[in-house]
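Coordinate analysis (summary)
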There are 2 protein chains.
Amino acid sequence: MKRPTMKDVARAAGVSPMTVSRVVSGEAGVAPGTAARVEQAVRRLGYQGNDNARHLRQKDPGTATIGLVVDDLANPFYAFMARSVEDEAHRRGYVVLVGSTNDEPRREREVIAAFTARQVDGLILVPTVGGHGFLRQPMRAGTRVVCVDRPARGLAVDTALARHGLRSRTQARAALDALRELPQPPTAAFTSNDVITLGVLDGAGGPGHVAVVGFDDLPLGERLDPPLTVVSQDPVALGGTAATLLFSRIDGDRSAPRSVVLLTRFVARGAGGAPSGTPGPPG
Amino acid sequence: MKRPTMKDVARAAGVSPMTVSRVVSGEAGVAPGTAARVEQAVRRLGYQGNDNARHLRQKDPGTATIGLVVDDLANPFYAFMARSVEDEAHRRGYVVLVGSTNDEPRREREVIAAFTARQVDGLILVPTVGGHGFLRQPMRAGTRVVCVDRPARGLAVDTALARHGLRSRTQARAALDALRELPQPPTAAFTSNDVITLGVLDGAGGPGHVAVVGFDDLPLGERLDPPLTVVSQDPVALGGTAATLLFSRIDGDRSAPRSVVLLTRFVARGAGGAPSGTPGPPG
DNA sequence: TTGAAAGCGCTAACAA
DNA sequence: TTGTTAGCGCTTTCAA
């Protein structure tokens, strides 16, 4: 069974497709009796309009679709962010395409290409390490873009004790285990997101144990022994802010590119930290 | 600056739009020299095809888009499921629209309507408590649907000690606090997802403490004191299975509706439970 | 108050 | 090997 079109409804109601269009889009100037017949045909056939076709022809631009591209949707930090973005989008009648990059520039390009090919009005993007020249073209063509900087970016100095690119709890644990084999093993670990924090916690115990400070708070972090000290970010605020920025652009704001910085909180739960809840500079 | 169309490329390359179409879709039968000129024009103008228009006309059906509708994308359980669905979709060249229902039938309907209006080929749905008659029409029209049953559905008997519809950690804690005020307070709590588990853990301590068994495992659950006992589900397997089922339908499988049941694991970490890792019947 | 014609960006079917 | 015509489902514009 094919999806009924406007033409089908028109035939069923004995009117022209144009009249159906007027009725379903709530335009004035259709006789009540005609409108009623059309509405009945709509219900009888189970007609639902095709938004893709509509947006193709419609004068005012846009598809009421935005794209959200994050590192990993399964990471609670980005999951909260995504939910926040989605709420704002839903409130405005937009839908959200999501994609994870896995921090791979190639997958990032593929995902973004698939999104722009579907004419998204805007993009909220947690950029990978790769270049982003490919964004210029869609931006010139009208796709608005808001980049959300990664928690860890610019943050750690690349010393012999720093490890980057870890993708899982298991990998993080292995990396810590290796670091602890060094002649001068670390006495503390700073972790850049909570998946890594989990892995490091897995390996931090035992003789000469390693203190852990995490970036991003974890549910249950306060119940550990000793409690987990973290630099806490608010992914909900981050997503909400990004979405608000994006929609202001979509709604016509053409002011110069802007950087918005959200505060982080240092939550010292172990011994020897700063007072809990002190607002500090961002990471 | 407007998005360049096939016509623009055609003009720039001195060919007809049809030839551009052939080149960009990799069809054979275009002279190498012509193809080169077209490709150069594509690059110079930064042309990218409009998939919505393409799918509108193209004979083989489908938009290479699926929808994923869950209770709450920020819930780690659904976040893992979403990531898993997305991976499978990405592997097949599909993109994923996501939406959270908040367990509200009305929002569920809105989200699904927005998705079907955009001609999604299929839907993976964690249904709310509401009725789902509105699914019949899109299904008849060709939208494939896979329902993922909720962890808690059918599970708990509605006694004086059962509480449903809790939406947050705070609410869960408040509910437990109230239960503990009863003349015959519970000595144990079974929680249906990890957000609720967290809230219950918040309130479970103190004199006459309440034992907790959770549905869904939590990261760090094993590090609590006492360790958390859970009935563990695998959201990644759930998402992967749902996606595989959906794509087999999209690919033409017309066999009778099917129910697939995944096993759960009972992970007894506190005292007095069954042996760890026993496979058991689903909830 | 209604409809006919044209066209959004693209491709199927058929010429040349 | 290339182009022409028609039309996907819809809305714009204009005429009746």
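Residues numbered from 1 in each chain as written. Chains lettered and ligands numbered in written order. Predicted model: local features only at pLDDT ≥ 70, side-chain atom pairs only at ≥ 80, totals over all residues. Heavy atoms only, no water.

Ranked by size, the top nonpolar core spans 50 residues in total, and within it Ile124 of chain A together with Ile124 of chain B carry the most contacts. Of all the secondary structure elements, the ones that give two or more residues to this core are β1 (65–70), α5 (76–91), β2 (95–100) and α10 (235–250) of chain A together with β1 (65–70), α5 (76–91), β2 (95–100) and α10 (235–250) of chain B. Discounting residues that sit within four places of it in the chain, Ile124 of chain B has contacts with Gly67, Leu68, Val69, Met81, Val85, Val146, Val148, Ala242, Ala243 and Leu246 of chain B. Listed in part, the 32 residues of the second largest apolar core include Ala172 and Leu228 of chain A together with Val210 and Leu218 of chain B. (Core = buried A, V, L, I, M, F, W, Y, C linked by side-chain atoms within 4.5 Å. Buried < 20%, exposed > 50% of the residue type's maximum accessible area, 1.4 Å probe, protein only. Helix = DSSP H or I, 4+ residues; strand = E, 2+ residues; numbered from the N terminus. Contact = heavy atoms within 4.5 Å.)

Here we have eight strands laid out as an open sheet, ordered β4(A)-β3(A)-β1(A)-β2(A)-β2(B)-β1(B)-β3(B)-β4(B), and mixed in their pairing. The outermost strands of the open sheet, each flanked by one partner alone, are β4 (144–147) of chain A together with β4 (144–147) of chain B. On average, adjacent strands in this sheet sit at an angle of 25 degrees to one another, irrespective of strand direction. With respect to the sheet, helix α6 (residues 105–117) of chain A is in contact with β1, β2 and β3 (122–125) of chain A together with β2 of chain B, its orientation differing from that of β2 of chain A by roughly 160 degrees. Across the sheet, α10 of chain A touches β1, β3 and β4 of chain A, and the angle it forms with β4 of chain A is around 160 degrees. (Pairing = 2+ DSSP bridges. Axes fitted to C-alpha atoms, helices over the stretch in contact; angles between N-to-C directions.)

A few words on helix α1 (residues 6–13) of chain A. Residues and elements named next belong to chain A. Along α1, the positions that sit buried rather than exposed are Val9, Ala10 and Ala13. Looking straight down α1, one finds its buried side chains confined to an arc of 100 degrees; they lie on one side. Projecting away from the buried face of α1 at angles above 90 degrees are the exposed residues Lys7 and Arg11. Where α1 is buried, its residues meet α2 (17–24) and α3 (32–45). One side-chain oxygen at the N-terminal end of α1 lies 3.2 Å from the backbone nitrogen of Lys7; it belongs to Thr5. (Arc of directions from axis to C-beta. Polar contact = N/O pair within 3.5 Å; in protein donor to acceptor, adjacent residues only side chain to side chain.)

With that out of the way, let us pick up the interface of chain A and chain B. Taken together, the contacts link 59 residues of chain A with 60 residues of chain B. Between chain A and chain B the total buried area reaches about 5300 Å² when both faces are included, carbon and sulfur atoms providing 51% of it. On inspection of chain A and its partner chain B, the count reaches eight salt bridges. Between Arg83 of chain A and Asp72 of chain B there is a salt bridge whose closest N-O contact spans 2.7 Å. Applying the counting rule to chain A against chain B returns 32 residue pairs in polar contact (both at pLDDT 80 or more). Mapped by element, the contributors of at least two residues to the side of chain A that touches chain B are α4 (51–57), α5, β2, α6, α7 (136–140) and α9 (194–203) of chain A. Considering each element in turn, the side of chain A that touches chain B owes the most residues, eight residues, to α6 of chain A. A class-by-class count of the residues in the side of chain A that touches chain B yields 27 nonpolar, 17 polar and 15 charged. (Buried area = accessible area lost by both parts, 1.4 Å probe. Salt bridge = Lys/Arg side-chain N within 4 Å of Asp/Glu carboxyl O. Nonpolar A, V, L, I, M, F, W, Y, C, P; charged D, E, K, R; others polar.)

Next up on the list: the UniProt feature "domain: HTH lacI-type" (unreviewed entry) in chain A. The sites that carry the UniProt feature "domain: HTH lacI-type" (unreviewed entry) are, in the present numbering, residues 4–58 of chain A. The span residues 4–58 of chain A is 67% helical and 0% strand by assignment, and the distance between its end C-alpha atoms comes to 20 Å. (UniProt positions renumbered as here; feature names shortened; annotations may be inferred.)

What follows covers the relation of the copies chain A and chain B. Least-squares fitting of chain A to chain B yields an RMSD of 0.1 Å, with the superposition described by an axial translation of 0.0 Å and a rotation of 180 degrees. Such values leave the two copies arranged in the relation of a two-fold axis. Nearest to the rotation axis, the C-alpha of Leu97 of chain A is located 2.2 Å from it, this being the minimum over chain A. Mapped onto chain B, 100% of the interface residues of chain A are again interface residues, and the two copies thus contact each other with one and the same surface. (Least-squares fit on C-alpha atoms with pLDDT ≥ 70 in both.)

A few words now on the protein's contact with DNA strand C. Close contacts around DNA strand C come from 26 residues, with Arg22, Thr34 and Arg57 of chain A together with Met6 and Arg54 of chain B the closest. Taken together, the sugar and phosphate atoms account for 64% of what DNA strand C places within 4 Å of the protein. The contact in question runs from a phosphate oxygen of DNA strand C to an N or O atom on the side chain of Tyr47 of chain B, over 2.6 Å. The backbone of Ala53 of chain B places a nitrogen or oxygen atom 3.4 Å from a base nitrogen of DNA strand C. (Near = heavy atom within 4 Å.)

Quick look at the domain arrangement of chain A now. You can read the domains of chain A as domain 1 (6–49), domain 2 (65–165 + 234–263) and domain 3 (169–233). Averaged C-alpha coordinates put domain 1 of chain A and domain 3 of chain A at centres separated by 63 Å. (Domains from an automatic or database assignment.)

It is worth spelling out unusual backbone geometry at this point. For Gln119 of chain A, which is not glycine, the phi torsion reads 65 degrees and is therefore positive. Mapped onto the elements of the fold, Gln119 of chain A is located in the loop between α6 and β3.

Moving on, we get to the confidence of the model for chain A. Counting all residues, the mean pLDDT for chain A is 87, and 92% of those residues have values of 70 or more. Of the regions scoring below 50 in pLDDT, residues 271–283 of chain A engages in 26 contacts with residues more than four places distant in sequence or in other chains. (pLDDT = per-residue confidence, 0-100.)

Tracing the backbone shows Arg107 of chain A in helix α6. Polar contacts involving the side chain of Arg107 of chain A include one to the main-chain carbonyl oxygen of Ser100 of chain A, which spans 2.8 Å. Apart from the residues lying within four places of it in its own chain, the contact partners of Arg107 of chain A are Ser100 and Thr101 of chain A together with Arg83, Glu86, Asp87 and His90 of chain B.

A separate point is the packing of aromatic side chains. Residues and elements named next belong to chain A. Per the counting criterion, the structure on display carries four aromatic pairs over all chains. Taking the centre distance of 4.8 Å and the plane angle of 70 degrees together, the rings of Tyr94 and Phe247 count as edge-to-face. Linking Tyr94 in the loop between α5 and β2 with Phe247 in helix α10, this pair joins segments that are 153 residues apart in sequence. Residue Tyr94 shares its accessibility class with Phe247, and that shared class is buried. (Phe/Tyr/Trp six-rings, centres within 6.5 Å; stacked < 30°, edge-to-face > 60°.)

Around DNA strand D sit 26 residues in total, of which Met6, Met18 and Arg54 of chain A together with Thr34 and Arg57 of chain B are the nearest. Sugar plus phosphate: this is where 60% of the atoms of DNA strand D within 4 Å of the protein reside. Ser21 of chain A places a side-chain nitrogen or oxygen 2.7 Å from a phosphate oxygen of DNA strand D. Within the contact set of DNA strand D, a phosphate oxygen lies 2.3 Å away from a side-chain nitrogen or oxygen of Arg54 of chain A. Where the surface near DNA strand D is concerned, the elements lending two or more residues are α1, α2 and α4 of chain A together with α2 (17–24) and α4 (51–57) of chain B.

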